[in-house]
Amino acid sequence: MQRTTPRRPRLARPVVVALAAAVALTATACAKTEDDTSDNKQSETAAGAEQKVATPKPGSKTCTIDAYGAEKIDLKNATVGFSQSEKEANPFRIAETQSIKDEAKKRGVKLLTANAQSQFSKQISDVQNLLAKGADLLVIAPLNSDGWDPVLQAAAAKKVPIITIDRKINAAACKDYVSFIASDFVEQGRRAADQMIEATGGKGEVAILLGAAGNNVTTERTKGFKERIAEKAPDLKVVFEQTGDFAREKGQQVTEQLIQSKPGIKGIYAENDEMGLGAVTALKGAGKKAGDVKIVTVDGTRNAVQGVADGWISGVIESNPRFGPLAFQTLDTFTKGEEVPQDIIIEDGAYNADNAKQDIGKAF
């Protein structure tokens, strides 16, 4: 399908206002199941816990519906398809899905949902099925960054715009997809390193529990952590790296192996909370006391923040999963023919011993 490519270099002021208004909206963060209907169970997002957009960098690229090659549509009359990547066992995914459902319900938009259950082949077929069911717009939380050609081709053939959230698809912005909404994962890694340096005094051996292979989140959180350690704490050595697949059970298993092979390990950087909580379980099983091994994680789940309050986790870098308001506002702005940023970066907070108890209400 032929698409024109002209893009305006600067973000139009009305879009900045629209996006700012979007992130002031609230969304809920609790759900138990995933299907094609909205969950009636809702809970209010704590004040200050909604996503906030970081100021766009000068010269940031934008996208319009004309440049993308799609047709204008009234979001209220559209059908939106949402593809979730992972099983509803991870609090991040539960909160993310519920936020999408709640915002669709709030706006009166028909929503179709699917969950790939952590199987990439299923996610590809899920999105193809959403298109077959009549989705006019797609919001995708990708499991992997590569391998999306079948979906991109099918969506292009039907002129269906795509927004990706949390993980990036390795494809062309404003051609294969409209916008990518997520945290700055490299910066998350850097901030995790800062917390690890503070917790350990910048000396000793540390381990990394890597996220799942094949996506930009793992790659970038690792990159940021290592870069900051090399820059600020050369006496802090990464001596162990193994994937925990962003899962608690796997994080526990890997940490049990770590304790055996590296009994003197001083710190563990877990690239999400679930692996970090698995590490806590392993350390308790090995007879360790809170604080014996410093743990730093990324996400901001209630259990992890409680772990900070209890002394088992030294720090948590937030990765806010409440994408609903911002995703739908981006779709609304785009389908009206206005500019939207190709990359929409959200600001993240952090939890440590100083604020964990009073700020746990912001966690998900």
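Computed from a predicted structure; not experimentally measured. (Residues numbered from 1 in each chain as written. Predicted model: local features only at pLDDT ≥ 70, side-chain atom pairs only at ≥ 80, totals over all residues. Heavy atoms only, no water.)

S.K.: Can you help me understand the overall build of the protein chain in this one?
M.R.: The number of helices and strands found in the protein chain is twelve helices and 15 strands. Put simply, the protein chain has 364 residues, and 54% of those count as buried. Considering only residue pairs separated by 6 or more positions, the protein chain has 78% of its internal contacts joining residues 24 or more positions apart. Total accessible area computed for the protein chain in this model is approximately 15100 Å², and 48% of it derives from carbon and sulfur atoms. (Helix = DSSP H or I, 4+ residues; strand = E, 2+ residues; numbered from the N terminus. Buried < 20%, exposed > 50% of the residue type's maximum accessible area, 1.4 Å probe, protein only. Contact = heavy atoms within 4.5 Å. Areas by Shrake-Rupley, 256 points an atom, 1.4 Å probe, with all protein chains shown as cover.)

S.K.: How should helix α7 (residues 216-232) be read in this particular structure?
M.R.: Because an α-helix completes one turn every 3.6 residues, residues spaced three or four positions apart along the sequence face the same direction. In this model, α7 (17 residues) spans 24 Å end to end at C-alpha, consistent with the 24 Å of a helix rising 1.5 Å per residue. Within α7, burial applies to Asn216, Val217, Thr218, Arg221, Thr222, Gly224, Phe225, Arg228 and Ile229. Measuring from the side-chain oxygen of the N-cap residue of α7 to the backbone nitrogen of Val217 gives 3.0 Å; that N-cap residue is Asn215. (Expected span 1.5 Å × (residues − 1). Polar contact = N/O pair within 3.5 Å; in protein donor to acceptor, adjacent residues only side chain to side chain.)

S.K.: Where do I start with the sheet that holds strand β14 (residues 343-347) in this structure?
M.R.: If you trace the seven strands from one edge of the open sheet to the other, you get β1-β14-β7-β6-β5-β3-β4, paired in mixed fashion. Each end of this open sheet is capped by a strand with a single partner; those strands are β1 (52-53) and β4 (110-115). Contacts from helix α4 (residues 120-132) reach β3 (79-84), β4 and β5 (137-140), with the element oriented near 175° to β3. (Pairing = 2+ DSSP bridges. Axes fitted to C-alpha atoms, helices over the stretch in contact; angles between N-to-C directions.)

S.K.: Just checking my understanding: could you explain the pairing of strand β11 (residues 294-299) for this structure?
M.R.: On a regular strand, each side chain points to the face opposite its neighbour's, so the side chains alternate between the two faces of the sheet. With respect to burial, β11 is a largely interior element, five of its six residues being buried. Summarising the sheet, strand β10 (residues 267-270) and β11 pair through three bridges and their orientation is parallel. If you follow Gly267 over to β11, its bridge partner there is Lys294. With helix α9 (residues 273-285) bridging β10 and its parallel neighbour β11, the resulting β-α-β unit is right-handed. (Right-handed = clockwise from strand over helix to strand, strands pointing away.)

S.K.: Looking at this model, I keep getting lost on the pairing of strand β12 (residues 315-318). Mind explaining?
M.R.: Residues Gly315 and Ile317 point to one face of β12 and Val316 and Glu318 to the other, with burial holding for every one of them. In this fold, the crossover linking β11 to β12 by way of helix α10 (residues 302-309) has right-handed handedness. Two elements, β12 and strand β15 (residues 350-351), share two bridges in a ladder whose sense is antiparallel. Each bridged residue has a counterpart across the sheet, and for Val316 the counterpart in β15 is Tyr351.

S.K.: I tried to follow the packing of aromatic side chains on my own but got confused; where do I start?
M.R.: A ring pair, where both rings are aromatic, is described by two values, the distance of the centres and the angle of the planes. In total, this model carries four aromatic pairs according to the counting rule given. On the basis of an interplanar angle of 90° and a centroid distance of 5.8 Å, the ring pair of Tyr68 and Phe334 is categorised as edge-to-face. Here Tyr68 is found in helix α2 (residues 65-68), whereas its partner Phe334 is found in helix α11 (residues 324-335), with 266 residues between them in sequence. Summarising the burial analysis for this pair, Tyr68 and Phe334 share the class buried. (Phe/Tyr/Trp six-rings, centres within 6.5 Å; stacked < 30°, edge-to-face > 60°.)

S.K.: Where do I start with the pattern of salt bridges in this structure?
M.R.: Should the charged atoms of two oppositely charged side chains come close, the side chains can pair. Counted according to the given criterion, the structure contains 20 salt bridges. The salt bridge involving Asp126 is made with Lys122; its shortest N-O contact spans 3.2 Å. Placement of both Asp126 and Lys122 in helix α4 is noted, with a separation of four residues, approximately one turn of the helix. Residues Lys226 and Glu241 are paired through a salt bridge, measuring 2.7 Å at the closest nitrogen-oxygen approach. Of the two residues, Lys226 is situated in helix α7 and Glu241 in strand β9 (residues 236-243); the sequence distance between them amounts to 15 residues. What makes Glu241 partly exposed here is its relative accessible area of 38%. The structure contains a network of salt bridges with shared partners spanning Glu86, Arg93, Glu96, Asp166 and Arg167. (Salt bridge = Lys/Arg side-chain N within 4 Å of Asp/Glu carboxyl O.)

S.K.: Looking at this structure, how should I read the state of the cysteines?
M.R.: Here, the word disulfide means a covalent bond between the sulfur atoms of two cysteines. Within the structure shown, the criterion is met by one disulfide. Two residues, Cys63 and Cys174, share a disulfide whose sulfurs are 2.1 Å apart. Note on the Cys63 and Cys174 pair: the S-S dihedral is about 80°, so by sign convention the disulfide is right-handed. Residue Cys63 is found in strand β2 (residues 62-63), and its partner Cys174 is found in the loop between β6 (162-165) and β7 (179-183); the two are separated by 111 residues along the sequence. (Disulfide = S-S within 2.5 Å.)

S.K.: Please explain unusual backbone geometry as it appears in this structure.
M.R.: What you tend to see is this: most non-glycine residues have negative phi, and most peptide bonds are trans. If you check the backbone angles, Ser118 has positive phi at about 65° while not being a glycine. Topologically, Ser118 is positioned in the loop between β4 and α4. The phi dihedral of Asp166 falls on the positive side, at around 75°, and the residue is not glycine. With respect to the helices, strands and loops of the structure, Asp166 is situated in the loop between β6 and β7.

S.K.: Is there a simple way to explain the packing of helix α8 (residues 248-261) against α9 in this structure?
M.R.: When two helices pack together, their arrangement is captured by the angle between the axes and the distance separating the axes. Two elements in contact, α8 and α9, have axes separated by 7 Å at closest approach and are oriented at 45°. Between α8 and α9, the angle falls in the class oblique. Where α8 crosses over α9, the handedness of that crossing is right-handed. Across the interface between the two elements, Arg248, Gly251, Gln252, Thr255, Glu256 and Ile259 of α8 pack against Glu274, Met275, Leu277, Gly278, Ala279, Thr281, Ala282 and Leu283 of α9. Residues of the contact of α8 with α9, tallied by class, amount to six nonpolar, five polar and three charged. (Parallel < 35°, antiparallel > 145°, perpendicular 65-115°, else oblique. Left-handed = near helix turned anticlockwise from the far one by under 90°. Nonpolar A, V, L, I, M, F, W, Y, C, P; charged D, E, K, R; others polar.)

S.K.: Which parts of the structure should I look at to understand the confidence of the model for the protein chain?
M.R.: Close inspection of predicted coordinates is inappropriate for parts of the model with low pLDDT. Here the protein chain averages 89 in pLDDT, while 87% of its residues score no lower than 70. Every residue in residues 1-43 is under pLDDT 50, and counting partners more than four places away or in other chains gives 112 contacts. (pLDDT = per-residue confidence, 0-100.)

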